[in-house]
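Observations on chain architecture
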Amino acid sequence: MQREEIQTICDTMSEGAYAFYYADGKQEPLLLSNRPAGERFLTASIIKVPILYVWTLLEAQEVVSSDELCDFGDEPVVKGAGFSWLFRTRQLAYNDVLAMMIATSDNFCTNLIINRLGMERINQVFRDAFGFADTHLGRKMMNRPDPARGKDNWTTAGDVIRWFDLFERFSVDQQTFIGEKLAVCESANLFLRNIKGDAFDFYHKSGGLANVISEWGFTKQKKIFLLTNDQPDYQKVYDAFGVLGKNLLP
């Protein structure tokens, strides 16, 4: 697929905000956006990827352990995504909680992880260890946003590109720890929506809210994401994901 064809597809989403990135190691990476560099995008659940990175880094520093048991009584139950709130089991290893956070985008499990790490420490790692210019965790999942007071979750296209680089900087064991969770993400209705079967391994995370549809992911050879905010026509966004994924991922 040529750059001009990709631009035409992205133009169908020009009524809202978008940022699309693709790299295959053969040509210069492609970043297309109808917003200025550095403009914020609300993240929805893709913020769970850098949260997983923070856990992985802090586990290497022996601050936390994925073998430690998580007590489900540590957080108020929330719904919205995932199903851990239905469990009669009240304790799981943090590894399993992290897996649920990614695989089913479980909001209750995510809040348990945020509680264990601490929101302030997560943002400190974002800034100091990961070098993010403007990725921010300002609220737990399902809490009411208040952007004026910093109570929302956002990132920039530049920071999301950095997520790929950070993954490659982790050790082989850490990449396995992260990758095994991204590989079982159940979402298949965005980049994979027009691809049948298990043709290849796709390590990814999607996120959706009333005004957000986004997905970030990679294969062994390719890196791709599409961030969208404030799109008035969701069908155009879904169609764009499907065409881009079918033509660029396999």
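A brief report on the enclosed structure follows. (Residues numbered from 1 in each chain as written. Predicted model: local features only at pLDDT ≥ 70, side-chain atom pairs only at ≥ 80, totals over all residues. Heavy atoms only, no water.)

**Points about the sheet that holds strand 10 (residues 223-229)**
For sheets, the rule is that strands pair by backbone hydrogen bonds, running either parallel or antiparallel. Taken in spatial order, the 5 strands of this open sheet run 2-1-10-9-8, and their pairing is antiparallel. Where the open sheet ends on each side, the last strands, each with one partner, are strand 2 (30-33) and strand 8 (203-209). If you compare each strand with its neighbour and ignore which way they point, the axes differ by 5° on average. Summarising the sheet, strand 8 and strand 9 (residues 212-218) pair through 7 bridges and their orientation is antiparallel. The partner of glycine 208 across the bridge, within strand 9, is isoleucine 213. Relative to the sheet, helix 1 (residues 3-11) contacts strand 1 (17-23) and strand 2, its axis offset from that of strand 2 by approximately 30°. The strands touched by helix 7 (residues 172-182) are strand 8 and strand 9; relative to strand 8, the strand with the most contacts, the crossing angle is about 55°. (Pairing = 2+ DSSP bridges. Helix = DSSP H or I, 4+ residues; strand = E, 2+ residues; numbered from the N terminus. Axes fitted to C-alpha atoms, helices over the stretch in contact; angles between N-to-C directions. Contact = heavy atoms within 4.5 Å.)

**Some words on the packing of helix 2 (residues 48-60) against helix 7**
Close contact between helix 2 and helix 7 brings their axes to 10 Å; oriented N to C, the two are set at 150°. The pairing of helix 2 with helix 7 is recorded here as roughly antiparallel in orientation. Crossing geometry of helix 2 relative to helix 7 is assigned as right-handed. Seen from helix 2, the contacting residues are Val49, Leu52, Tyr53, Trp55, Thr56, Glu59 and Ala60; seen from helix 7, they are Gln174, Phe177, Ile178, Lys181 and Leu182. For the contact of helix 2 with helix 7, the per-class residue count stands at 8 nonpolar, 2 polar and 2 charged. (Parallel < 35°, antiparallel > 145°, perpendicular 65-115°, else oblique. Left-handed = near helix turned anticlockwise from the far one by under 90°. Nonpolar A, V, L, I, M, F, W, Y, C, P; charged D, E, K, R; others polar.)

**Digging into the sheet that holds strand 3 (residues 41-42)**
Across the sheet, 3 strands lie side by side as 3-7-6; this open sheet has antiparallel pairing. Two strands bound the open sheet, and with one partner strand each, they are strand 3 and strand 6 (136-137). Of the strand pairs in this sheet, strand 3 and strand 7 (residues 153-155) are connected by 2 bridges, and their pairing is antiparallel. Among the inter-strand pairings, leucine 42 is bridged to a residue of strand 7, identified as tryptophan 154.

**What about the nonpolar core?**
Among the nonpolar cores identified, the biggest contains 54 residues, and Ile51, Tyr53, Ile113, Leu117, Phe126, Trp216 and Phe225 are the most heavily contacted of them. Discounting residues that sit within four places of it in the chain, phenylalanine 126 has contacts with Ile47, Pro50, Ile51, Val54, Gly131, Phe132, Thr135, His136 and Leu137. (Core = buried A, V, L, I, M, F, W, Y, C linked by side-chain atoms within 4.5 Å. Buried < 20%, exposed > 50% of the residue type's maximum accessible area, 1.4 Å probe, protein only.)

**Quick word on the environment of leucine 117**
Mapped onto the fold, leucine 117 is located in helix 4 (residues 107-117). Put simply, leucine 117 and threonine 155 are 38 residues apart on the chain and 19 Å apart in space, counted from C-alpha to C-alpha. The residues touching leucine 117, leaving out its near neighbours within four places in the chain, are Ile51, Val54, Trp55, Leu58, Val64 and Ile122.

**A closer look at the pairing of strand 8**
Successive side chains on a regular strand alternate, one facing one side of the sheet and the next facing the other. In terms of burial, strand 8 is largely enclosed, as 5 of its 7 residues are buried. Here strand 8 hands over to strand 9 after 2 residues, the two strands then running antiparallel side by side.

**A word on helix 3 (residues 94-103)**
Where burial is concerned, most of helix 3 is hidden: 7 out of the 10 residues are buried. For helix 3, the full list of buried residues reads Tyr94, Val97, Leu98, Met100, Met101, Ile102 and Ala103. Two residues or fewer after helix 3 comes serine 105, characterised by a positive phi angle close to 55°.

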